[in-house]
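Examining the three-dimensional arrangement
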Amino acid sequence: MLEMNNQYTLIKRRVQTEVLKHFFDDTLVESADKIPFQIIPKERVPNRCCIYKERAMIRYRIMAMLGIDIERYDDEMKSLSEYVKEVLEKDTPPVPILTTISTACSSCPPDRYLISDACRGCFARPCLANCPKDCITFINGQARIDEARCIRCGKCKDVCPFHAVVHIPVPCEEACPVNAVEKNKDGYVEIDYKKCISCGRCAMSCPFGAIVERSGLIPVVKMLKAKEHVTAMIAPAIEGQFPGTLAQIKGALLASGFSSVVEVSQGAETTSVHEAEELTSRKESKAGYMTTSCCPAYMEIVDKHLPFLDGRRSVALSPMGYTARWSKAQHAGTKTVFIGPCLAKKVEAAKTADVDGVITFSELASLFMAKGIDVREMEGADLGDTALFEDCREFALSSGVAASVLRRLDNPQDVDVLSIDGIDKKMFRTMKVWEKRPPEADLVEVMCCEGGCINGPGTVVKPSVAIRLRGGNKASTPVKAMRDPIPRG
C-alpha cells in the first residue's frame, strides 16, 4: 500500500475542499470548470507530461467527488458545470463505489522478477537451486531470469542472501485479494465488479490515482445545507484520526451542521451481545465455528466468492446497522450518516433504508477544512455518552470484535478464537480451504484491513499514529492468542 502522506492524497483533499467551499458559497455551478485551473496554474511544474493533463486529472477527480461513475458517464464534451447541475438536482446511485480513470493509468508492465546489479554470482547459488522451473542461468557470473519460463513464484527473491532479486508488481493487481482488478486489451486498468468486494485496497495502492472512490459527500452536504435533521454516526476508529479529544471531534461535527452525534460503539455493544448469544447457542448445539459480521468487505467476499460461509457468519447486524435503527427511533425523520474509515460501508448502506449516507474520515477532514474548523480549537461537546461503550471502541482494532464478544460470555476460556488480521491473496486462498478443512476455532473474527478499521482506505493518519493518539490502547485480549487459533485440549 502507498504511504498515506503523498502528493495524490494532498491533491485529492484539496479538490474536495475547493468543491465544498464553492458548494456552501452557492458558486459551485459557475466555478466548477475553473477549479482545475486554480489548482494547476500555468506556472506550476507538472509531475505528469504537462499541465494540461494534470488539469484533466483534476477534472476527473472533481467528477469522482461529485459521485459520478467515470467509466460509464464520462463525456469530454460536457462541462463540469453541467455535471454539477445534474448532481445537485438528483443524487447518483451509490454503487459501484469505485471507478477508474483510464487516462491516469500508466499501463504498468506485467508483474515480474528481475536480477539487479547487487548479484554477486555466489558459489551457493540458492536462486538456481530453488527455482522450480529452471529459469535461472548465469552469464559472466551474473544471474539472469528467463521471463518466458518464470512463473513468478518469488522463491529466488526469498532465498537470495544479497537481496539482489527485485519484484516489480502491478500495484493494483497485487493489492486485490480476489483478482477483481486487471488490465484490459488496451493495457488500462479495469475492475470486474462481479468479483469486487469494495475493500478499496486497489485505490490505496495505485500511485497514479487511476482507481478512485465515488464520493458520498455531495448528498450529505446537501442535507446539511438544507438544515435537515442529520445524525452523524461516528465509527469507533474516529478516535485518533484528528488532533484533539473525542469530545472535540463531536463538537466539530455539530459545528459543521450535523444535528446530533452518536457513537457507533453503541451499536457495537448490541452486536457483541447478539454474537455472544449466537456463539453460545452454536457451541451448545455443536454447530461448528461462527464468523463475525462487522466487516462489509468480508460480507461481500462471502456473497460473491465463498458462499459456503453464508451459514457460518453471524446473523447479527453490524454496529452501523444497530446504531442507525436506534437513531431513527430517537429522532423521527432524521437522516443518518455513517462516518468511518471504510469504503465497503457504502455497499452495506445501499442495502438498508436505515442509513442515508456514508462518508469517510478523509472526506470529513475536507468538510472541516472547507468550513474552517480546527478540531483542536473546538470546545468539547459533552453529549453524555463519551464515557459509555468504551470497551466497544476497540472494535476498530484487530482482535477487538472478538474481545468484546468474549467479555459477554459466561465461560470465555472455553472458546477457541481465530483472528483474521487482513485479507490478501494468500489469506483468501486459505479461507477457500475452509470448505473442506474448517478452521480449528469456535469464533473467527474477520478484518479485511490489517490492524483493523484504523487501517481502512478512508483514514486520515497511519495506524501507528492513530494508536498513539488513542492513548496506545489496543484490544484487551492478547493479540497473539487472538491472531492464531488456540490449540484444542
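Look a little higher up for the structure.
Residues numbered from 1 in each chain as written. Predicted model: local features only at pLDDT ≥ 70, side-chain atom pairs only at ≥ 80, totals over all residues. Heavy atoms only, no water.

Before going further, it helps to examine the overall build of the protein chain. On a plain count of helices and strands, the protein chain comes out with 21 helices and 15 strands. Radius of gyration (C-alpha) of the protein chain: 24 Å, near the 23 Å computed for a compact globule of 489 residues. Once the C-alpha set of the protein chain is aligned to its principal axes, its extents read approximately 75 × 70 × 40 Å. The proportion of buried residues among the 489 residues of the protein chain is 51%. Nonlocal contacts in the protein chain, meaning residues at least 24 apart in sequence, comprise 73% of its contacts between residues at least 6 apart. In the form shown here, the protein chain has an accessible surface area of approximately 22,400 Å², with 52% of it arising from carbon and sulfur atoms. A distance of 5 Å separates the average location of the 65 positive side-chain charges in the protein chain from that of its 64 negative side-chain charges. (Helix = DSSP H or I, 4+ residues; strand = E, 2+ residues; numbered from the N terminus. Rg over C-alpha atoms; globule rule 2.2 N^0.38 Å. Buried < 20%, exposed > 50% of the residue type's maximum accessible area, 1.4 Å probe, protein only. Contact = heavy atoms within 4.5 Å. Areas by Shrake-Rupley, 256 points an atom, 1.4 Å probe, with all protein chains shown as cover. Lys, Arg positive; Asp, Glu negative; His and termini not counted. Charge placed at Lys NZ, Arg CZ, Asp CG, Glu CD.)

Taken together, the side chains of K195, K426, R429 and K432 present a region of like positive charge at the surface. Mapping K432 onto the fold places it in helix α19 (residues 425–433). (Patch = residues over 30% accessible without salt bridge, like charges linked within 9 Å, V, L, I, M, F, W, Y side chains within 5 Å. Salt bridge = Lys/Arg side-chain N within 4 Å of Asp/Glu carboxyl O.)

The next point concerns the layout of surface pockets. Considered as a void within the structure, the largest pocket measures approximately 460 Å³ in volume. Lining of the largest pocket is provided by 22 residues; of these, T92, P94, P219, D356 and G357 occupy positions nearest its centre. Broken down by secondary-structure element, the contributors of at least two residues to the lining of the largest pocket are α11 (217–225), α16 (345–350) and β13 (357–360). (1 Å grid on protein atoms, 1.4 Å probe; cavity = no way out; pocket = protein on both sides within 12 Å on 5 of 7 lines; lining within 4 Å. Points joined across faces, edges and corners; volume = space filled by probe spheres on them.)

Right, let's talk about empty space enclosed by the protein for a bit. As enumerated under the stated definition, the model contains 7 cavities of 30 Å³ or more in all. As a volume, the largest cavity reaches approximately 370 Å³. Around the largest cavity, the lining comprises 31 residues; the ones closest to its centre are C294, C295, P296, K345 and C453. With 3 residues, the top contributor of residues to the lining of the largest cavity is strand β15 (residues 443–447).

Attention now goes to the environment of A237. With respect to the helices and strands, A237 occurs in the loop between β9 (230–234) and α12 (246–256). You can call A237 buried: its relative accessible area is 0%. Expressed as a C-alpha distance, the spacing of A237 and E284, which sit 47 residues apart in the sequence, is 34 Å. Once residues lying within four places of it in the same chain are set aside, the contact partners of A237 are P341, F361, A396, C453, I454 and R470.

Okay, the pairing of strand β2 (residues 112–115) next. The alternating pattern of β2 places Y113 and I115 on a buried face and R112 and L114 on a face that is not buried. One ladder, built from 4 bridges, connects β2 with strand β5 (residues 165–168); its direction is antiparallel. Paired with L114 across the two strands is V166, which belongs to β5. (Pairing = 2+ DSSP bridges.)

Quick look at a negative patch on the surface now. A cluster of like negative charges, contributed by E71, E182, E190 and D192, occupies part of the molecular surface. The residue E182 is located in strand β6 (residues 181–183) in this model.

Right, let's get into the nonpolar core. Residues L98, I211, L253, F258, I339 and L364 are the most contacted members of the largest nonpolar core, which totals 113 residues. The biggest single contributor to this core is helix α4 (residues 51–65), with 8 residues. Of all hydrophobic cores here, the second largest spans 14 residues; its members include I136, A143, C156 and V165. (Core = buried A, V, L, I, M, F, W, Y, C linked by side-chain atoms within 4.5 Å.)

This part takes up the sheet that holds strand β11 (residues 290–291). Spatial ordering of the open sheet is given by β11-β15-β14, a layout of 3 strands whose pairing is parallel. Across the chains shown, the open sheet's two edge strands, defined by having one partner strand only, are β11 and β14 (417–421). Pairing geometry for β14 and β15, over 5 bridges, is parallel. The residue bridging V417 from the neighbouring strand is L443, located in β15.

So, about unusual backbone geometry. A cis geometry characterises the amide bond from V95 onward to P96, with omega recorded as 0°. The residue P96 is located in the loop between α6 (80–89) and β1 (98–100) in this model. Even without being a glycine, R125 presents a positive backbone phi close to 45°. For R125, the position within the fold is in the loop between β2 and α7 (126–130).

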